[in-house]
Amino acid sequence: MKASQFFISTLKEAPAEAALPSHKLMLRAGLIKANASGLYTWMPMGLRVLRKVENIVREEMNRAGAIELLMPVIQPADLWKESGRWDFYGDELLRITDRHDNEFCFSPTCEEMVTDIVRKEVNSYKQLPKNFYHIQTKFRDERRPRFGVMRAREFVMKDAYSFHADFASLQETYQAMYDAYCRVFGRLGLNFRPVAADTGSIGGTGSHEFQVLAESGEDVIAYSDASDYAANVELAQTLPLSGSRAAAQKNLEKAHTPEVKTIAQLVDFLQIPVETTLKSIVVEGENEGELVLLLLRGDHEFNDIKAEKLAGVKSPLTMAQPEHILAAFGANGGSLGPVGFKGRVYADFATEKGADWVIGANEDGFHYTGFNFGRDAAEPEFADIRNVVAGDPSPCGKGSLQLARGIEVGHVFQLRDKYSAALNASFLDNNGKSQIMEMGCYGIGITRVVAAAIEQNHDERGIIWTDTMAPFAAVIVPMNYKKSEAVREAADKIYADLLAAGVDVLLDDRDERAGVLLADSELLGIPHRIVIGDRGLKEGNVEYARRTDSEAQSVPVGDIAAHVAAQLR
């Protein structure tokens, strides 16, 4: 492709609203143009990247035995109501009504739609298993669209859905898709980790996220420094402490703590270490009117996903109302504790072996010092209700946990019968008996992959693409292409040779200053660059450099096409 026949629209500065490097660089490089909040046009340069990601995903899906179809963006409300997600999904589901007052939604995901297709088309175990996928536009009405295409309202996603006669078949396809995802992200040249994850609003019994490691990532993952264990911090387990509980050294005493409502204020007021404090979180129980008290160390972070799974806790997790707390404890939030509380109490594993805690006294403006389980209040039920921290023992039994930030770009789920049962997707088994299908679903955020790759691979000059993702694998930058016949002839010859060698090359024949052409080639992140100038040609050479090279090298003009092609093998 010649630049004069293409469309390049780079910017010197990113708009002020852009925060993440990927957002800034995608706008500066002209990969995308903003149309409205969370809505973007993919410009020609960006679309080339997007299509290359799609092609690799499609190749690996086909290799894994998935079958491509294409489902609509607009879906009937009846299917979502039948599954129970019309109301459950919340405000992110954009609902519309047609001229006949029929209700529809813009698809954020396609479990209902594909299950409806399969229940009408598949009726025998002989037709199973089947794994359908498509690459399609999705829409989620984000409350705060931000970070460019990382959290846009409209995005492109590959979603696949498998249907099975039994769980063993589901597990087999789940592993095949897990392996396919590893190949996808490996081919894209991304530094990623598959991590065990919570199933979230999709549901099911098991899932893995695929996280691209990047400092700007919204997610935190925990991984063992001595094994391949990795999990989202929401799911990473903490373990019960070994050994005996420390002996109590202090008596229970009430301390006046006026206007102290947070752990930070408590630590500052009493001049005590934060790890000697307990914080109290009160949630609704599963029975009407019941409250559950959750205790964890003041320096630890509460994990609401783990807490929601505790016996006796209402799902979804619901924080207790202030008036209910006051009625049950005799005090308001900020002064709460287990002494005298009649309801169910859970305490985090990390508190089990400790002694002489500082905790709320169930009287506004007062805390207890010297609190001990068993002596001053009944022993609670000990459970895992916090986020792991670096240095915690790995749940796999090998090494310690370390933390890293990541960007979720893919997710695989064992749905089991969550949707097939709700939508009565059944088949006749080999005994002629009707059975509900087992299901799996598997998603890759195509547009998010592009942004995540930039977050992981960029520098102060611009994007650094891998060979497989770059809009063009190579760029020819001729100095004075319009004025120098020698440069023009050499550039055209090298361009023709690279095309003949199957290299996706851009000849930047724009009538711009050399500095502009060089800066744009780096901003666009094209992996291989050939610079042609009169001075080098007199010596029979051109300059070649990878995007990551600090210095260029001279290559004989007759060898450059083969040299570049060899780098791409």
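Residues numbered from 1 in each chain as written. Predicted model: local features only at pLDDT ≥ 70, side-chain atom pairs only at ≥ 80, totals over all residues. Heavy atoms only, no water.

- By the naming in an unreviewed UniProt entry, the chain is Proline--tRNA ligase, taken from Kingella denitrificans ATCC 33394.
- In its Subunit (unreviewed entry) section, UniProt records this for the chain: "Homodimer." (UniProt positions renumbered as here; feature names shortened; annotations may be inferred.)

### Things to note about the pattern of salt bridges
1) Next: In the structure shown here, the tally under the stated rule is 38 salt bridges.
2) Next: Residues D376 and R375 are paired through a salt bridge, measuring 3.0 Å at the closest nitrogen-oxygen approach.
3) Next: Residues R416 and E438 are paired through a salt bridge, measuring 2.7 Å at the closest nitrogen-oxygen approach. Of this pair, R416 sits in strand β20 (residues 401-416) while E438 is found in strand β23 (residues 438-445), placing the two residues 22 residues apart along the sequence.
4) Next: Beyond isolated ion pairs, a larger network of salt bridges with shared partners links D459, E460, R461, E522, R529 and R547. (Salt bridge = Lys/Arg side-chain N within 4 Å of Asp/Glu carboxyl O. Helix = DSSP H or I, 4+ residues; strand = E, 2+ residues; numbered from the N terminus.)

### Some details on the sheet that holds strand β30 (residues 553-556)
1) Next: Judged by pairing direction, the sheet is mixed, and its five strands sit side by side in the order β27-β26-β28-β29-β30 without closing on themselves. In this open sheet, the two edge strands, each paired with only one partner strand, are β27 (505-507) and β30. Direction aside, the axes of adjacent strands within the sheet are offset by 25° on average.
2) Next: In this sheet, β27 lies alongside strand β26 (residues 474-478) in parallel orientation, the contact comprising three bridges. Each residue of the ladder has a partner; that of I476, found in β27, is L507. (Pairing = 2+ DSSP bridges. Axes fitted to C-alpha atoms, helices over the stretch in contact; angles between N-to-C directions.)

### Thoughts on the sheet that holds strand β6 (residues 103-106)
1) Next: With respect to topology, three strands assemble into an open sheet ordered β4-β6-β5, the strand pairing being antiparallel. Whereas interior strands pair on both sides, the edge strands pair on one side only; in this sheet they are β4 (74-76) and β5 (95-97). Each adjacent strand pair in this sheet contributes to an overall mean axis angle of 40°, direction not counted.
2) Next: Sheet topology note: the β5/β6 ladder contains three bridges and is antiparallel. Looking across to β6, one finds that R95 is bridged to C105.

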